[in-house]
Amino acid sequence: MTGFVIDEFDREIIRLLQQDGRMPFLTIANQLGLAEGTVRRRVAKLRSEGLLKIVGIADPFKVGLQTVAIVGLKVERGRIESIAREVSALTEVRYVALSTGNYDLVIEVVVSNNDELLTFLVDKLSEIPGINNTGTSIVLKVAKEDLAWDV
Amino acid sequence: MRTIQPLALDDLDKKILAYLQEDGRMTFVTLAAQLGVSEGTIRKRVKRLEESGVLKTMGVTDPLKMGLDTVAFIWFKVERHHLEKVIVALKELAAVRYLVVTTGGYDLVAMVVLPNRTQLVTLLNDKLSQIEGIISTETSIVLQIHKQIHEWAPFKSYRETEVSHG
């Protein structure tokens, strides 16, 4: 956790960058009545504090990655942190969350095809000690994806 | 969802995606220098990737660090003949940020982001209960986001120099 506190200008900057990650700093500055240098510094600060990432998001289904799966993991309680680290280190995994409820960890896996998913589940995930049970939901269709939540 | 002609990606496209996945604000001049092509070429390629819906550049935050205290995954079992109607109803809920149709033990999985637990209770009890066709739900409340990336393995290898994570 960070001790850095964001203010309303930071939130406005983030809202604009959620719409267009490449919006010029000058455009943002003009919209908010700030100096371009101020916007540049604030964005750099938000990024270095880990609050904001500006990323090009590629649609997996349009770039040949045909298999996306959401996998819930039940793990041995004492090992949850180490298992989260090991799972996060796998390149096929793009999302890892610790959770309450029916699963201890929820992960999202993106691979080229079902064979690779099988290899991932059988060869990689099962190699990690302490995972007791997994539930795999293969994504047939993305009905909605909107990462620009209100900040 | 828009229907778009699939775009054939060549090595240059994949290299551009690899860099922009890591840093969405990398300048076209820097990209051009890294990849040994002209700035104009990069500009044209990026435009094409954006227009075909392959690439979208945006600022992404960790909701838990931004004061949005409640992130949850909701797993749905749905009556088959109501599936489309349930999808339409769930998409309309602002709290639902990611919704996928799945095979397996559940028919739909949604990620919801909300300011607090009370609103999650409201969502589960008041809003979801009004949607016809939902048989049951299970909710996993996210305690901590360990990894949230938007770059995937196949493109990483297209970056000549490994860019270190912050």
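Residues numbered from 1 in each chain as written. Chains lettered and ligands numbered in written order. Predicted model: local features only at pLDDT ≥ 70, side-chain atom pairs only at ≥ 80, totals over all residues.

Chemist: What's the story with the packing of helix 2 (residues 25-32) of chain A against helix 3 (residues 36-48) of chain A in this structure? I'm lost.
Modeler: The description of two packed helices rests on the angle between their axes and on the distance between the axes. Residue and element names in this part refer to chain A. Two numbers describe how helix 2 lies on helix 3: the axes approach to 8 Å, and their chain directions differ by 110°. Put simply, helix 2 runs roughly perpendicular to helix 3. Contacts from Phe25, Leu26, Ile28 and Ala29 in helix 2 reach Glu36, Thr38, Val39 and Arg40 in helix 3. Here the contact of helix 2 with helix 3 is built from residues that sort into 5 nonpolar, 1 polar and 2 charged. (Axes fitted to C-alpha atoms, helices over the stretch in contact; angles between N-to-C directions. Helix = DSSP H or I, 4+ residues; strand = E, 2+ residues; numbered from the N terminus. Parallel < 35°, antiparallel > 145°, perpendicular 65-115°, else oblique. Contact = placed C-beta atoms within 7 Å. Nonpolar A, V, L, I, M, F, W, Y, C, P; charged D, E, K, R; others polar.)

Chemist: Looking at this structure, I do not really get the domain arrangement of chain B. What am I missing?
Modeler: By a widespread convention, an interface's size corresponds to the accessible area lost as its parts come together. Partitioning chain B into structural domains gives domain 1 (11-59) and domain 2 (63-141). Between domain 1 of chain B and domain 2 of chain B, the C-alpha centre-to-centre distance is 35 Å. (Domains from an automatic or database assignment.)

Chemist: I would appreciate a short explanation of the sheet that holds strand 2 (residues 70-78) of chain B in the present structure.
Modeler: Judged by pairing direction, the barrel is antiparallel, and its 8 strands sit side by side in the order 2(A)-4(A)-3(A)-5(B)-2(B)-4(B)-3(B)-5(A) before closing back on the first. Between one strand and the next, the sheet's axes are offset by a mean angle of 35°, whatever the strand orientation. One ladder, built from 5 bridges, connects strand 3 (residues 93-99) of chain A with strand 4 (residues 105-111) of chain A; its direction is antiparallel. Paired with Val96 of chain A across the bridge in strand 4 of chain A is Ile107 of chain A. The strands that helix 4 (residues 80-88) of chain A touches are strand 2 (67-75), strand 3, strand 4 and strand 5 (131-145) of chain A together with strand 5 (134-148) of chain B; relative to strand 3 of chain A, the one it contacts most, it runs at about 165°. (Pairing = 2+ DSSP bridges.)

Chemist: Got a minute to help me understand the domain arrangement of chain A in this structure?
Modeler: What the domain assignment lists for chain A is domain 1 (8-48) and domain 2 (60-138). Computed over C-alpha atoms only, the centres of domain 1 of chain A and domain 2 of chain A are separated by 35 Å.

Chemist: Please explain helix 4 (residues 83-92) of chain B as it appears in this structure.
Modeler: Think of an α-helix as turning once every 3.6 residues; residues three or four places apart then point the same way. All of the buried residues along helix 4 of chain B are Val86, Ile87 and Leu90 of chain B. Along helix 4 of chain B, the residues classed as buried sweep out an arc of 100° about the axis, all on the same side. Of the residues in helix 4 of chain B, the exposed ones pointing more than 90 degrees away from the buried face are Val88 and Glu92 of chain B. Of the surrounding elements, those touching the buried residues of helix 4 of chain B are strand 5 of chain A together with strand 2, strand 3 (96-102), strand 4 (108-114) and strand 5 of chain B. (Buried ≥ 20, exposed ≤ 12 C-beta atoms within 10 Å, placed from the backbone. Arc of directions from axis to C-beta.)

Chemist: Is there a simple way to explain the pairing of strand 3 of chain A in this structure?
Modeler: Regular strands have side chains that alternate between both faces of the sheet. With 6 of 7 residues buried, strand 3 of chain A is to be regarded as a mostly interior element. Hairpin connection from strand 3 of chain A to strand 4 of chain A: 5 residues lie between these consecutive antiparallel strands, with Gly101 of chain A at a positive phi of about 105°. With 5 bridges joining them, strand 3 of chain A and strand 5 of chain B adopt antiparallel strand pairing. Bridge assignment links Leu98 of chain A to a residue of strand 5 of chain B, and that residue is Gln144 of chain B.

Chemist: How should the interface of chain B and chain A be read in this particular structure?
Modeler: Listed by partner, the interface residues are 57 residues for chain B and 56 residues for chain A. Contributions of two or more residues to the side of chain B that touches chain A are made by helix 1 (11-22), strand 1 (55-61), helix 4, strand 3, strand 4, strand 5 and helix 6 (153-156) of chain B. With 11 residues, strand 5 of chain B is the largest single contributor of residues to the side of chain B that touches chain A. Split by residue class, the side of chain B that touches chain A holds 30 nonpolar, 17 polar and 10 charged. Examined bridge by bridge, strand 1 (residues 52-58) of chain A and strand 1 of chain B share 7 bridges and lie antiparallel to one another. Directly across from Ile57 of chain A, in strand 1 of chain B, lies its bridge partner Lys56 of chain B.

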